[in-house]
There are 4 protein chains.
Amino acid sequence: MSGNTLGRLFCVTSFGESHGPAIGGVVDGCPPGLELSEADIQPALDRRRPGTSRHVTQRQEPDQVRILSGVFEGRTTGTPIALLIDNQDARSKDYANLLDTFRPGHADYAYWRKYGARDPRGGGRSSARLTAVTVAAAAIACKWLAEHHQLRIRGWMAQLGPIEIPFEGWEHVATNPFFAPNATIVPRLEQYMDELRRSGDSVGARINLVAEPVPAGWGEPVFDRLDADIAHAMMGINAVKGVEIGAGFGSITQLGSQHGDELTPDGFLSNHAGGVLGGISTGQPVTVSLALKPTSSIRLPRRSIDRTGTPTVVRTEGRHDPCVGIRATPIAEAMLALVLMDHALRHRAQNTGVGPALPPIPGTAP
Amino acid sequence: MSGNTLGRLFCVTSFGESHGPAIGGVVDGCPPGLELSEADIQPALDRRRPGTSRHVTQRQEPDQVRILSGVFEGRTTGTPIALLIDNQDARSKDYANLLDTFRPGHADYAYWRKYGARDPRGGGRSSARLTAVTVAAAAIACKWLAEHHQLRIRGWMAQLGPIEIPFEGWEHVATNPFFAPNATIVPRLEQYMDELRRSGDSVGARINLVAEPVPAGWGEPVFDRLDADIAHAMMGINAVKGVEIGAGFGSITQLGSQHGDELTPDGFLSNHAGGVLGGISTGQPVTVSLALKPTSSIRLPRRSIDRTGTPTVVRTEGRHDPCVGIRATPIAEAMLALVLMDHALRHRAQNTGVGPALPPIPGTAP
Amino acid sequence: MSGNTLGRLFCVTSFGESHGPAIGGVVDGCPPGLELSEADIQPALDRRRPGTSRHVTQRQEPDQVRILSGVFEGRTTGTPIALLIDNQDARSKDYANLLDTFRPGHADYAYWRKYGARDPRGGGRSSARLTAVTVAAAAIACKWLAEHHQLRIRGWMAQLGPIEIPFEGWEHVATNPFFAPNATIVPRLEQYMDELRRSGDSVGARINLVAEPVPAGWGEPVFDRLDADIAHAMMGINAVKGVEIGAGFGSITQLGSQHGDELTPDGFLSNHAGGVLGGISTGQPVTVSLALKPTSSIRLPRRSIDRTGTPTVVRTEGRHDPCVGIRATPIAEAMLALVLMDHALRHRAQNTGVGPALPPIPGTAP
Amino acid sequence: MSGNTLGRLFCVTSFGESHGPAIGGVVDGCPPGLELSEADIQPALDRRRPGTSRHVTQRQEPDQVRILSGVFEGRTTGTPIALLIDNQDARSKDYANLLDTFRPGHADYAYWRKYGARDPRGGGRSSARLTAVTVAAAAIACKWLAEHHQLRIRGWMAQLGPIEIPFEGWEHVATNPFFAPNATIVPRLEQYMDELRRSGDSVGARINLVAEPVPAGWGEPVFDRLDADIAHAMMGINAVKGVEIGAGFGSITQLGSQHGDELTPDGFLSNHAGGVLGGISTGQPVTVSLALKPTSSIRLPRRSIDRTGTPTVVRTEGRHDPCVGIRATPIAEAMLALVLMDHALRHRAQNTGVGPALPPIPGTAP
């Protein structure tokens, strides 16, 4: 299939542009009988929504989702679930001056080289706005995973530019606009962002994720390994430049006698594997870490060219997130949910009734 | 399709176990008319082959590949190319003592949980031996990419455990068993490995890759982005725990005014993007970096359990690489080649004749 | 991927139920640069629309299509094209009495067995109404095929129940509600349908299709042959029970010396192959014939059971086509267009620049 | 994926040419734990084998299959099962005179137009010899379907050229080289074939299939309907030009009151649907009928052209089946098995635990 469908059995097909009439998606392959209404999806969209703090883009989008199909009398029917979100605050004129130039670090240049045309309206298809579709679709996956496996996926911001954010407790994540698991550090993050915004610049971030409990056995080696599909999904999020599973790049300097997680009758003694061995979940929590680059649309002047190749200088005045990482936590959670859901179905397609019946292994992550 | 096929249009289907009679693969979708014989593939296999230095496993496998189909009178016909490599030095008895226990950090536990059975013979399907199939298939892709796009993919070891390896020149890579781009550091690497081997332990590594020139426009957002598919392929290599494109995790602390690569009429001024923006190649060199964990099969004793859940201690006496990273360079190059080949075909399927006709951009990587 | 996406490169994902708020689809993989607006799609929908003669269902649906994405300034951008059609005349109450019973010959029984629930509103997902999505998507394919290959797909009704309809000329097809290529026979068809409608019964039909000129070389054996994919698409149309390519079932009694189409420098001397040999188009017109069963929803009483297994008698009073074949011609044309479009892209992905440059062969079909 | 893989979850990837060193395939997605050895596959190959009567090609191929992977200690492991069959009696010289000409009705012309080259050795990839791979792969599917669903697939020749073959009993099918379910008619078939062979001509045939019991609920509408996927598989068999499900083309003249199968608490009263409604199995036997064209390779002279377009006359002297339909029964059974196996897995991926638990419905087919 073409590049706008994610998943083999739980399939999300995405459509829409940042400044077109609507964005949306089709979820095909959802098991029937799941209780579902817009109220199950809207909270996830609200977590991702722009305009909710001064640290993110001030675009105002209610992001109200409508379910157009696949649900009857409050339950999924097993047929495709179409999700529609109208665009409302689409001020294309903000972008008029960008029509012929390319923003350094922005996808607009690559899109032009690929498709031969420019849709300058807020990034068109490459806009992070499209992640709303992913988040909406993943809310369905999350509900099914919770009901069938008690599986929960949670993320947090672990670093904002130079500021590392120590994990203190899950209870903090929902209480600040950064998804920081740490209340003490929030004023410092706010001050940093205020200064950054004033300077007209942007910065990167790190997001961490944990899914638990994940049943052992998910993943389809040798190519569609669980970690490989997670990496695909994560690197497919706008602005992500790096993905780690478990110990990640820290593995380079580890010895085998440190890295390999020892087993006991009570479970593993560590989780350097990040819950995946040989591309298959082990029953431990699945842990993932992402690097997001700084937003490319900044107010500072930068050298660039226009479509004729003539040198120019670009400043982006539109409404943008000075740190896309701030809103990335719900998006990363969503992508992980979609991968796990797809593998839950792939695993039971081939392996129903095989394998030892053992419970997932309680984890200590993060 | 199931999990042992990679690619949508240039498809590699892999089969075989480490200690079965043979391993192999089927390449479907190769353009017809490409000159091809075993002599085009064998050198790539020889680079990956075990037993060629004291620093890698001493298993002796000639890894002679045979083409069973898809080539007629020295040229590809457009039909599936079957590749077969016999296993020869398969001493399964080495593994007899592992039948009922699990190696910490090894895939054997996860395989058992998924499939309900154990194939203890050298890791069965999860063995790094299977990467020979990928390397053989990728040799075909490399030849086509070179002929049609002058595209070349090259990798090197950038770090061995604690030892960082500064890039000095491509000419060094082929002159040492580590694929180190640096002649001076080789004695230090050899000494480190000798000590490691004596200690019975193992260690991780970092591999870097550059592909150039890559035409602008490859990649299929929003999900099958070029970087996403690269991440999928890389994280699918045995022992890989982290993947970076361009600046990777370094992006976290970069400002937008540093990260975004400025454009001039003569090309980009930097390559923090790693040649990919919005999931589409820009024409710059594509740069990738990988973290490999230490081998799980080590001689040092480790706590584990057996199939009944009883505590035990495991030592692995078979022939193993104390640093899988040492042989990983050709494998990583191969995976990158397969992804690029697939996207070359995907791009021309949809976009033949569109987009501005501009040449790739000369890069300065690494 | 799941079952509601058709095509590998030109992909149509369908959603919606007959009596939900809307139906629609997403077309992914369309080449960029194609001029496109709703005005290119609406005429195709209007040909398929119900309520346009007394011989078809009297449901009134304007079937106004909206393009939600993938088109900018009047041209396709290469990103997904979302198509939305609101349902308007959805009188679900007509179906209230069907909630617990199954119509003989209708999909409602099978859907209940598969998904465990009943959506009695006009057949839900199994309704022929969903073919509107296919027709809309195919209008895009038709436009591209016409522009790039001058390819045209045309169908006609060849038999209505017992009445065979001799082909007299294309000019007649658009002048009667049956898509009959024969003006003389129309009164007889009308009389037959009037009597059938009064009797409360339904009847089957045969539809024929011709696509020409089809370039030689399309089709991906050994499994995704062009004829195989056509058969898949055709048998996937509601009510179709048989598919023929070329001589079809007539081949059984032919001798090889009759069937094999002889070649001359001026082209083939006959077209028993229906334009496909070995699963690949030969350059001749592609000819297809379909058998459609009689509508299952009829007013005559029939024995059935309800969900508890209790015997009952079913009569269907809703608005239905007494011969689904009457409206099937545009639908069958649409499915053929989607298959040809997908294979046009698949062929050029692998085989750009190979094969002898010869024009398609002028055909004499039908 | 490319065109040589069949199935989404139970995937068969085929490779090889008629006169290359070997043919084979890879089965990916087979559930683990199935007892399997070559002895489970060989009988199916022996039924399809050439050279077993004077009515079929005299090519002598032992068709010994070897399992190269995916089986350990007599059971499938869940990893890919590679199947290899060596070619032995490949007399390519028989075809030397065909190098530059095209046989009317043969795939060689279309292959040349697609791939730009000719592999004249017995049809290369388009040879019916490749169906051996399908038959071998399907033997695995048949074993699983029998063990898990008691499902059995059986076919027979229903017509040989002009001679219709009334069904008398299953016990006759294995007792004659035609797979005729009728002992009395065999001498007439033999006489017809002897005369045909002497005349140097060939003829078509009809094959019928029944699968039973098929659980209700298999099939993935709206596009991957069970009947659509069956049609795809059947039309993908060499020489097939028509496919019917249930009443097939007979549906055209049926009234709805005749065609729709009435339900009673004891099951359906007829099976015009062929066991499929709305693209989903109903629990009735699945019935399929195929039309095969006469072999294109005949001794009678026929007008054709060569690669330069010059007129010529072609006679085919190689060893060929004068009626490919004679050996088609095991091939058609195999293709049906592969489709049903794939849908068994697809259904349980999405719908495990949903739907009413009712047994399949006893059928009266044929």
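Quick notes on the rules
- Residues numbered from 1 in each chain as written.
- Chains lettered and ligands numbered in written order.
- Predicted model: local features only at pLDDT ≥ 70, side-chain atom pairs only at ≥ 80, totals over all residues.
- Heavy atoms only, no water.
- Least-squares fit on C-alpha atoms with pLDDT ≥ 70 in both.
- Contact = heavy atoms within 4.5 Å.
- Pairing = 2+ DSSP bridges.
- Helix = DSSP H or I, 4+ residues; strand = E, 2+ residues; numbered from the N terminus.
- Polar contact = N/O pair within 3.5 Å; in protein donor to acceptor, adjacent residues only side chain to side chain.
- Buried < 20%, exposed > 50% of the residue type's maximum accessible area, 1.4 Å probe, protein only.
- Axes fitted to C-alpha atoms, helices over the stretch in contact; angles between N-to-C directions.
- Disulfide = S-S within 2.5 Å.
- Arc of directions from axis to C-beta.

**Student:** How would you explain the relation of the copies chain B and chain A if you had to name every residue and give the values?
**Tutor:** Of the two same-sequence chains, chain B is brought onto chain A (RMSD 0.0 Å, axial shift 0.0 Å) by a rotation of 180°. The superposition operator between the copies reduces to a two-fold rotation axis. Closest approach to the rotation axis within chain B is made by the C-alpha atom of His232 of chain B, at a distance of 2.3 Å. With an isologous cut-off of 70% or more, the 100% of interface residues of chain B that recur at the interface of chain A puts this contact in the isologous class.

**Student:** How would you sum up the sheet that holds strand 2 (residues 11-16) of chain D? Please name residues and give values.
**Tutor:** All names here are of chain D. Strand order in this open sheet of 5 strands is 1-2-3-7-4, and the pairing throughout is antiparallel. With one partner strand each, in any of the chains shown, strand 1 (5-6) and strand 4 (65-67) form the two edges of the open sheet. Pairing between strand 2 and strand 3 (residues 22-28): 6 bridges, direction antiparallel. If you follow Cys11 over to strand 3, its bridge partner there is Asp28.

**Student:** Which residues make up the side chain of His55 of chain B, and what values do they have?
**Tutor:** All names here are of chain B. Summarising the element assignment, His55 is placed in the loop between helix 1 (38-48) and strand 4 (65-67). A polar contact of 3.4 Å, which involves the side chain of His55, links it to the side chain of Arg197. Aside from chain neighbours lying at most four places away, what touches His55 is Pro177, Phe178, Glu190, Met193, Asp194, Arg197, Pro322 and Ile326.

**Student:** Please provide a residue-by-residue account of the pairing of strand 11 (residues 240-245) of chain A, values included.
**Tutor:** Counting buried residues along strand 11 of chain A, 6 of its 6 residues qualify, which places the element largely inside the surrounding structure. Where strand 11 of chain A and strand 16 (residues 286-292) of chain A come together, 5 bridges link them in antiparallel fashion. Across the sheet, the residue bridging to Ile245 of chain A is Val288 of chain A, located in strand 16 of chain A. Judged from the 3 bridges that link them, strand 11 of chain A and strand 11 (residues 240-245) of chain B form a sheet pairing that is antiparallel. Pairing of Gly242 of chain A across the sheet is with Glu244 of chain B, part of strand 11 of chain B.

**Student:** Can you explain the sheet that holds strand 11 of chain A? Please cite residues and give values.
**Tutor:** Read from one edge to the other, the open sheet built from 10 strands follows the order 9(A)-8(A)-10(A)-16(A)-11(A)-11(B)-16(B)-10(B)-8(B)-9(B), with strand pairing classed as antiparallel. Two strands lie at the open edges of the sheet, namely strand 9 (163-164) of chain A together with strand 9 (163-164) of chain B, each paired on one side alone. Relative to strand 10 (residues 205-212) of chain A, strand 8 (residues 152-160) of chain A runs antiparallel, the two sharing 8 bridges. From the neighbouring strand, Gly155 of chain A faces strand 10 of chain A, where its bridge partner is Leu209 of chain A. With respect to the sheet, helix 5 (residues 226-235) of chain B is in contact with strand 11 of chain A together with strand 10 (205-212), strand 11 and strand 16 (286-292) of chain B, its orientation differing from that of strand 11 of chain B by roughly 155°. Packing against the sheet, helix 7 (residues 328-351) of chain B makes contact with strand 8 (152-160), strand 10 and strand 16 of chain B, and its axis sits at approximately 140° to strand 8 of chain B.

**Student:** Tell me about the relation of the copies chain A and chain D, and name the residues and values.
**Tutor:** Each copy superposes on the other: chain A lies on chain D with an RMSD of 0.0 Å after a rotation of 180° and an axial shift of 0.0 Å. A share of 100% of the interface residues of chain A reappears at the interface of chain D, consistent with the copies meeting face to face through the same patch.

**Student:** Got a sec to walk through the state of the cysteines? Specific residues and values, please.
**Tutor:** Following the criterion strictly, the structure yields 0 disulfides over all chains and no others. The structure places no disulfide on Cys30 of chain C, whose sulfur is separated from the nearest cysteine sulfur, that of Cys11 of chain C, by 11 Å.

**Student:** Outline helix 1 (residues 38-48) of chain D, listing residues and values.
**Tutor:** All names here are of chain D. For helix 1, the set of buried residues is Ile41, Gln42, Leu45 and Arg48. Take helix 1 and look down its axis: the buried residues cluster within an arc of 120°, on one side only. Buried residues along helix 1 sit in contact with strand 4, strand 7 (81-86), helix 3 (131-149) and helix 7 (328-351).

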